[in-house]
Amino acid sequence: MDALTAFADWLWGWPLLALIVIGGLIICFRTKFFHLTHFPYVMQQTIGQVFKSDDEGKGQVSPFQAMTTALASSIGAANIVVAPAIIFTSGPGAVFWMWVIAVVGQATKFAEVTLSMNYREKNEEGEYVGGASYMLAKGIGGTLGKVLGAAVAFFLMIEILPSITIQSISAAEPIMDIASTFGADPQIVRYIAIAAIFIITALVVYGGVKAIGEATGKLVPIMAIAYIVFGLIIIVMNIDKLPDVFRYIFVGAFTPEAFAGGFAGATLQRVIGEGVARGVYSSEAGMGSAGYGHAAAATDHPVRQGFWGCFEVLADTLVLTMSVLIVLAAGIWVPGMSEEALSANASNAVARAFGASFGTFGSVVISIFLFLFVISTLTVIVFYCEKQAEYLFGTQIAKWFRALAMLMVALAAFISFDNAGTFLDISLGLVVIPNMIGIILLSGKVKDLTNEFFSDPSLYPKAKKKKA
C-alpha cells in the first residue's frame with residue numbers, strides 16, 4: 001500500500017498535471033481563447049437558453065439536460081467534503097491556482113464535448129452514444145485509436161464501480177451522525193439511508209438516458225442554487241472577515257509561508273501543484289467523462305454543445321469557491337493553526353462551518369445537501385459505467401453492468417473501503433492519460449470545428465458572409 005500510495009501521489013503530481021495543463025493550453029491557443037474572447041456569447045448560448053424549447057438537431061435530451069447530466073458527475077460530495085480540505089494541507093493560496101486551471105479546463109472540456117458530439121453514433125437500440133472512447137477510436141483511427149478508446153473505457157469502468165460505493169457511504173454517514181445524537185442506532189439508520197439511495201437511484205437509471213436528463217435537469221440547478229444561497233448567508237454573517245479571506249487567497253497564492261501555521265512544506269510548488277490537481281479533480285476537465293452525458297443532446301452543431309462544457313467548469317468552480325469561502329469566513333481555518341488543529345478541522349470542514357453558523361439546523365441542512373449531491377452523482381456514474389461496458393462488450397452485456405453498479409450501491413450498507421482513494425487515483429490517472437493524448441492529437445479537429453462554427457452565418461449570426 002505504501003508503494004501504491006507513493007505511485008499515486010507521483011502520478012497525480014507533475015506528470016499528469018503537465019499533461020493536462022499542456023493539453024488544455026494547446027486547445028486554448030488553437031481555438032484562439034474563444035471561451036474568453038467570446039465569453040458573453042458562450043453564456044448567452046448556454047445559461048441564456050435554459051428556458052428555450054430545444055427542438056433543433058438530433059438527440060434524446062435537450063442540451064441543458066445533457067449538461068446537467070455531465071455536471072451532476074462533477075458537482076458532488078467532492079465539492080463539499082474533499083476539495084475544501086486543500087486549505088488545510090496547502091493553504092488558501094491553492095484556491096487561486098484552482099481558479100487559474102479552471103480557465104484552461106474550460107477549453108479542455110469544450111474539446112471533449114465537441115469531439116464527442118462530432119464522433120457520436122447510434123447503438124443497437126437507436127440511441128445516440130458517444131464519449132472519450134468513441135472520440136479516440138473514430139477520431140484517431142487505426143490500432144492506436146482502438147487501444148486508447150478501449151483503455152479509457154476499461155479503466156473508467158474500473159474506477160467507477162468502487163467510487164459508487166464510496167459515494168453512497170459519504171451520503172449515509174452524516175445522516176448516521178445526526179441520528180446518533182438523538183439516540184438512534186447508527187447501523188439501522190445506515191441501512192435505511194442506503195436503501196433510500198438504492199431505490200431512488202434505481203428508479204432514475206432504469207428509466208434510461210432521458211429519465212436521467214430530466215432528473216438531473218431539475219435536481220442539479222435547485223440544489224446548486226440552494227447551496228450557494230446558504231453559503232452567501234454564512235458569508236454575510238461574517239462579512240467583516242471577507243477582506244481577510246481574499247487576502248489569504250491572493251497573498252497565499254504567491255507567498256504561502258505567510259499563513260503557513262502548523263502545516264509543513266508550504267512551498268509555492270506545493271501550493272500550485274495541489275491547487276491545479278484539486279481543480280482538475282473537481283471539474284473533471286481532462287477525464288473524458290463529460291462526453292458520455294452530452295452525446296444524447298439534440299443540437300445543430302458539435303461546437304454549440306461544446307459551449308456547455310465551458311459552462312460546466314464555470315458552474316463547478318462556482319460551487320467549489322462557495323465551499324472554500326464558507327470555510328474561511330466561518331473561521332474553520334485561521335492562520336497559524338497547529339498541525340493537530342489543521343488535521344481535526346480538515347475533516348468535513350464545510351459541515352463544521354454550517355454547524356457553527358446555524359447549529360443543529362445547519363448540520364441537518366448540510367446532510368441533506370450531501371444526500372442530494374450524491375444521489376445526482378450516482379445516477380450519472382451508474383449510467384457512465386453502463387456506457388463503458390456497452391463500448392467494450394455491447395448493449396446486452398452492458399445491462400448486466402448496470403445491475404452490477406446498482407449492487408455496488410447496496411454494498412455500501414455492509415462494507416467500507418479502506419485505502420480506496422489510492423486505487424481510485426491510479427485508475428483515474430490511467431483514464432486521463434489516453435484521453436489527454438487523444439485531445440492533443442485531435443486538437444486540429446477541434447480547431448477546424450470551431451472555425452467552421454464561427455465562420456458560418458447560419459450558426460453564428462455575427463460571422464462575415466462570403467461574397468458571391
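Predicted model, so just to flag it, every value in this text is computed and none were measured.

> Whenever I open this one, the pattern of salt bridges confuses me. Can you help?
Any two side chains of opposite charge can pair, given that their charged atoms come close. On inspection of all chains with the given rule, the structure shows seven salt bridges. Of the charged contacts in the structure, one is a salt bridge between Glu 121 and Lys 138, with a shortest N-O distance of 3.5 Å. You can see Glu 121 sitting in strand β1 (residues 121-122) and its partner Lys 138 sitting in helix α9 (residues 132-139), a full 17 residues away along the chain. Taking the relative accessible area as the measure of exposure, Glu 121 reaches 32% and is therefore partly exposed. We classify Lys 138 as partly exposed; its relative accessible area is 41%.

> It is not clear to me how the nonpolar core should be interpreted in this structure. Could you clarify?
Among soluble globular proteins, nonpolar side chains are generally buried collectively. Grouped together as the largest cluster of nonpolar side chains are 85 residues, with contacts concentrated most on Trp 12, Ile 164, Ile 197, Phe 307 and Phe 453. Here this core takes twelve residues from helix α10 (residues 142-181), the largest share from any one element. Core analysis: the second largest hydrophobic core is formed by 46 residues, Val 95, Tyr 248, Phe 354 and Phe 369 among them.

> Honestly, helix α8 (residues 93-118) in this entry has me stumped. Any pointers?
For an α-helix the count is 3.6 residues per turn, leaving residues at separations of three or four pointing the same way. The first and last C-alpha atoms of α8 sit 38 Å apart over 26 residues, in line with the 38 Å expected at 1.5 Å per residue. Remark: the principal bend of α8, roughly 30°, maps to Val 104. Burial runs high along α8: 22 of the 26 residues are buried.

> Sorry, what's going on with a nonpolar patch on the surface here?
Residues Ile 225, Val 229, Ile 233 and Met 237 make up a contiguous nonpolar surface patch of roughly 360 Å² in combined accessible area. For Ile 225, the position within the fold is in helix α12 (residues 208-237). In this structure Ile 225 comes out as exposed when scored by relative accessible area, which is 54%.

> Where do I start with the environment of Trp 97 in this structure?
Looking at the element boundaries, Trp 97 is found in helix α8. For Trp 97, a relative accessible area of 15% corresponds to the buried category. Note: C-alpha distance between Trp 97 and Val 271 (174 residues apart in sequence) is 7.8 Å. Among residues more than four places away in sequence, those in contact with Trp 97 are Ala 253, Phe 254, Val 271, Ile 272, Gly 275 and Val 276.

> Would you mind showing me how to read α9 here?
Among the eight residues in α9, six count as buried, and that is most of the element. Among all positions of α9, only Ala 132, Ser 133, Tyr 134, Met 135, Leu 136 and Ala 137 are buried. One or two residues past the end of α9 sits Gly 141, with phi positive at roughly 75°.

> When you look at the packing of aromatic side chains in this model, what are you seeing that I'm missing?
Two aromatic rings are characterised by how far apart their centres lie and by the angle between their planes. Inspection of the entire model under this criterion finds 38 aromatic pairs. Ring centres of Phe 34 and Phe 307 lie 5.9 Å apart, and the angle between their planes is 40°; on these two criteria the pair is classed as tilted. With Phe 34 in helix α3 (residues 34-37) and Phe 307 in helix α16 (residues 302-329), this pair connects stretches of sequence that are 273 residues apart. Of the two residues examined, Phe 34 and Phe 307, each falls in the buried class. Cluster of aromatic residues (ring-pair linked, three or more members): Phe 34, Tyr 41, Phe 110, Phe 307, Phe 453, Phe 454 and Tyr 460. The cationic tip of Arg 120 hangs over the ring face of Tyr 128; the distance from NZ or CZ to the ring centre is 4.1 Å.

> Help me out: how do you make sense of unusual backbone geometry in this one?
Residues apart from glycine generally show negative phi values, whereas peptide bonds are mostly found in trans. Phi at Phe 33 is positive, roughly 50°, even though this residue is not glycine. Notably, Glu 284 is not glycine yet its phi reads approximately 65°, a positive angle. Of note, Glu 284 is situated in the loop between α14 (268-283) and α15 (290-294). On the accessibility criterion, Glu 284 (11% relative accessible area) is buried.

Quick notes on the rules
- Residues numbered from 1 in each chain as written.
- Predicted model: local features only at pLDDT ≥ 70, side-chain atom pairs only at ≥ 80, totals over all residues.
- Heavy atoms only, no water.
- Salt bridge = Lys/Arg side-chain N within 4 Å of Asp/Glu carboxyl O.
- Helix = DSSP H or I, 4+ residues; strand = E, 2+ residues; numbered from the N terminus.
- Buried < 20%, exposed > 50% of the residue type's maximum accessible area, 1.4 Å probe, protein only.
- Core = buried A, V, L, I, M, F, W, Y, C linked by side-chain atoms within 4.5 Å.
- Expected span 1.5 Å × (residues − 1).
- Bend = angle between axes of the 7 residues up to and from the residue.
- Patch = residues over 30% accessible without salt bridge, like charges linked within 9 Å, V, L, I, M, F, W, Y side chains within 5 Å.
- Areas by Shrake-Rupley, 256 points an atom, 1.4 Å probe, with all protein chains shown as cover.
- Contact = heavy atoms within 4.5 Å.
- Phe/Tyr/Trp six-rings, centres within 6.5 Å; stacked < 30°, edge-to-face > 60°.
- Lys NZ or Arg CZ within 6 Å of the ring centre and 35° of its normal.

Geometric descriptors of this kind do not, in isolation, establish any biological role.
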